[in-house]
Amino acid sequence: VQPVESGGGLVQAGGSLRLSCANSARTFSSYAMGWFRQAPGKEREFIAAASWTGTYYADSVKGRFTISRDNAKYTLYLQMDALKPEDTAVYYCAGAVKRPHNYASADEYIYWGQGTQVTVSS
């Protein structure tokens, strides 16, 4: 069962949004859950990941975004603060069944949601 993202929308620069990713028990049992984003004309970009042993962030969002998981609700979150226009993209939730060699590689993840649009206006 695919993850289902929600919480995207339009926000002004400097604002905040919280994305949610609802999962089945099977998907959420993945070793790692992550967030990626893709802007028009660009490749899919790693944002953050949470595994059973730690959290990982891209340098571009470190200090501004926070990934967390509610294990009781099988839900992954991405709190995004101090948003910038360059954060505009479709945000995807993903699950990696096995421990990734590289958390930033989309190839490590087998479960993908449909994405939710985040637009940051200047």
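Asker: Explain the overall build of the protein chain to me, please; I cannot follow it from the model alone.
Answerer: Within the protein chain, the regular secondary structure consists of one helix and 11 strands. Its helices and strands in sequence order give the protein chain the pattern β-β-β-α-β-β-β-β-β-β-β-β, from N to C terminus. The C-alpha radius of gyration computed for the protein chain amounts to 13 Å, which stays within 12% of the reference 14 Å derived for 122 residues, consistent with globular compactness. Projected onto the principal axes, the alpha-carbon positions of the protein chain cover approximately 40 × 25 × 25 Å. When burial is assessed residue by residue, the protein chain has 47% of its 122 residues classed as buried. Across the protein chain, contacts joining residues at least 24 apart in sequence account for 59% of those joining residues at least 6 apart.

Asker: What is the right way to look at the pairing of strand 9 (residues 89-96) in this model?
Answerer: Counting buried positions along strand 9 yields seven of eight residues, so the element is predominantly enclosed. As defined by bridge partners, strand 4 (residues 32-38) adjoins strand 9 across seven bridges and the pair is classed as antiparallel. Along strand 9, the bridge assignment pairs Trp35 with Cys93. Bridge analysis of strand 9 against strand 11 (residues 116-121) gives three bridges, and the strand direction is antiparallel. Directly across from Val90, in strand 11, lies its bridge partner Gln117. Relative to strand 10 (residues 111-112), strand 9 runs antiparallel, the two being bridged by two bridges. Note on strand 10: the bridge partner recorded for Ala94 is Trp112.

Asker: Hey, could you run me through the side chain of Ser20 in this one?
Answerer: Among the structural elements, Ser20 can be located in strand 3 (residues 17-22). Those residues within four positions of Ser20 in sequence are excluded, and the remaining contacts are Val4, Glu5, Ser6, Trp35, Thr75, Leu76 and Tyr77.

Asker: Please explain the sheet that holds strand 7 (residues 65-70) as it appears in this structure.
Answerer: With antiparallel pairing, four strands are arranged side by side in an open sheet as 1-3-8-7. At either margin of the open sheet sits one strand with a lone partner, and together these are strand 1 (4-6) and strand 7. This sheet shows a mean twist of 15 degrees between the axes of neighbouring strands, independent of strand direction.

Asker: Just to check I follow, could you spell out the pairing of strand 11 for this structure?
Answerer: Side-chain direction in a regular strand flips from residue to residue, so the side chains alternate between the two faces of the sheet. Here strand 11 shows one buried face, formed by Thr116, Val118 and Val120, and one open face, formed by Gln117, Thr119 and Ser121. Pairing between strand 2 (residues 9-12) and strand 11: four bridges, direction parallel. Bridge pairing in strand 11 places Gly9 opposite Val118.

Asker: Would you mind showing me how to read the nonpolar core here?
Answerer: Within soluble globular proteins, side chains that are nonpolar tend to cluster in buried spots. Formed by 35 residues in total, the largest nonpolar core has its most connected members in Trp35, Leu78, Met80, Tyr91 and Tyr109. Contributions of two or more residues to this core are made by strand 3, strand 4, strand 5 (45-51), strand 7, strand 8 (75-80), strand 9 and strand 11. With six residues, strand 9 is the largest single contributor of residues to this core. Those residues in contact with Leu78 that sit more than four places away from it in its chain are Leu17, Arg18, Leu19, Trp35, Ile47, Ala48, Phe65, Thr66, Ile67 and Tyr91.

What counts and how
Residues numbered from 1 in each chain as written. Predicted model: local features only at pLDDT ≥ 70, side-chain atom pairs only at ≥ 80, totals over all residues. Heavy atoms only, no water. Helix = DSSP H or I, 4+ residues; strand = E, 2+ residues; numbered from the N terminus. Rg over C-alpha atoms; globule rule 2.2 N^0.38 Å. Buried < 20%, exposed > 50% of the residue type's maximum accessible area, 1.4 Å probe, protein only. Contact = heavy atoms within 4.5 Å. Pairing = 2+ DSSP bridges. Axes fitted to C-alpha atoms, helices over the stretch in contact; angles between N-to-C directions. Core = buried A, V, L, I, M, F, W, Y, C linked by side-chain atoms within 4.5 Å.

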